[in-house]
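Chain and residue survey
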Amino acid sequence: VILNQNDIINRVSYPDSCVAITWYFDIHYPHPQNSRFFPGEEFRSVAYDDPNWEKFSGGQPGYYLPFKPYFMPFRCLYSRNIPNLMMAGRNISVSHVALAPSRVMITTGEMGTVVGRAAYLLKKYKADPFMICEKYLDEFREVLLDPHKFEK
């Protein structure tokens, strides 16, 4: 699954939803002064919450796109073509716009927790990540809700 802005705004529900996204869509654009002095190599950005947004936006409307917490599917956290590769952080399967609310620390930390708990199940069953949704989804949900039930 490659999560996109429409999934989040339209609250598309996935059976393997597991990571809460609570931040807004704060898209960053190259700062106009950097574009002028460093064309194609901008390193400073401007975002909607910049006090100079109106001055630098070139007419681009600035606004927050607020939304209620949304839950990202587990299928965004593993590779579709490299067996046994899971990811947590900014390298997950999301579009450019969907990365804006999912790239923040609390969300990426939650991704790490989910991937770690999935790893427990994958080791237990000697399985690859795609099998979570195919065979072990109910147990995966239990591990997410109460990992202490599974302690040895």
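The text that follows walks through the structure, step by step, so that each part is easy to find. Worth saying up front: this structure is predicted, and the values here are computed from it rather than measured. Along each chain, numbering runs from 1 in the same order as the chain's sequence is written. pLDDT decides what is reported in this predicted model: residues at 70 or higher carry local features, side-chain atom pairs at 80 or more are listed and counted, and totals for whole chains, interfaces and linings draw on all residues regardless. Hydrogens and water are ignored here; the side-chain numbers use all heavy atoms of the structure.

Even without being a glycine, R11 presents a positive backbone phi close to 55°. Note on placement: R11 falls in the loop between α1 (5-9) and β1 (17-21). Classification of R11 by relative accessible area gives partly exposed; the value is 40%. Phi angles above zero are rare outside glycine, and K126 is one such case at about 50°. Elements are defined by DSSP. Helices are runs of H or I of four residues or more, strands are runs of E of two residues or more, and each kind is numbered from the N terminus. Only protein chains enter the accessibility calculation, which uses a 1.4 Å probe; a residue whose area is less than 20% of its type maximum is buried, one above 50% is exposed, and one in between is partly exposed.

The subject of this paragraph is the side chain of E139. Its place among the elements puts E139 in helix α7 (residues 137-145). Overall, E139 belongs to the buried group, its relative accessible area being 16%. Within polar-contact distance, the side chain of E139 engages the side chain of K124 at 2.6 Å. Contacts were defined at the residue level, with two residues in contact if any of their heavy atoms lie within 4.5 Å. Among all residues touching E139, those that are not within four sequence positions of it are L121, K124, Y125 and F150. N or O atoms within 3.5 Å of each other form a polar contact, as long as, within protein, one can give a hydrogen and the other can take it, and as long as residues adjacent in sequence are counted only when both atoms are side-chain atoms.

Time to look at a nonpolar patch on the surface. A cluster of nonpolar residues, F37, F38 and F43, forms a patch on the protein surface that exposes about 370 Å² of accessible area. Mapping F43 onto the fold places it in the loop between α2 (32-37) and β3 (45-47). Two distance rules govern patches: like charges are joined within 9 Å, and nonpolar side chains (Val, Leu, Ile, Met, Phe, Trp, Tyr) within 5 Å, applied only to residues with over 30% relative accessible area and no salt bridge. Reported accessibility uses the Shrake-Rupley method at a 1.4 Å probe radius. Residues are deemed covered only where the shown protein chains occlude them. One speaks of a salt bridge when a side-chain nitrogen belonging to Lys or Arg is within 4 Å of a carboxyl oxygen belonging to Asp or Glu.

A few words on the nonpolar core. Throughout, nonpolar core names a set of buried Ala, Val, Leu, Ile, Met, Phe, Trp, Tyr and Cys residues whose side chains join them through atoms within 4.5 Å. Ranked by internal contacts, the top residues of the largest apolar core, which has 33 residues, are L3, I8, M72, F74, L77 and F140. Contributions of two or more residues to this core are made by β1, β4 (70-73), α5 (105-125), α6 (131-135) and α7. At 6 residues, the largest contribution of residues to this core is made by α5. Setting aside anything within four residues of it in sequence, one finds I8 in contact with L3, I21, F25, F67, Y70, A98 and P101.

What follows covers α5. Given the number of residues in a helix, its expected span is that number minus one, multiplied by 1.5 Å. In this model, α5 (21 residues) spans 30 Å end to end at C-alpha, consistent with the 30 Å of a helix rising 1.5 Å per residue. Among all positions in α5, only T107, T108, M111, V114, V115, A118, L121 and L122 are buried. Looking straight down α5, one finds its buried side chains confined to an arc of 130°; they lie on one side. Among the exposed residues of α5, those pointing more than 90 degrees away from its buried face are M105, I106 and K123. As used here, the arc belongs to the directions running from the helix axis to the C-beta atoms.

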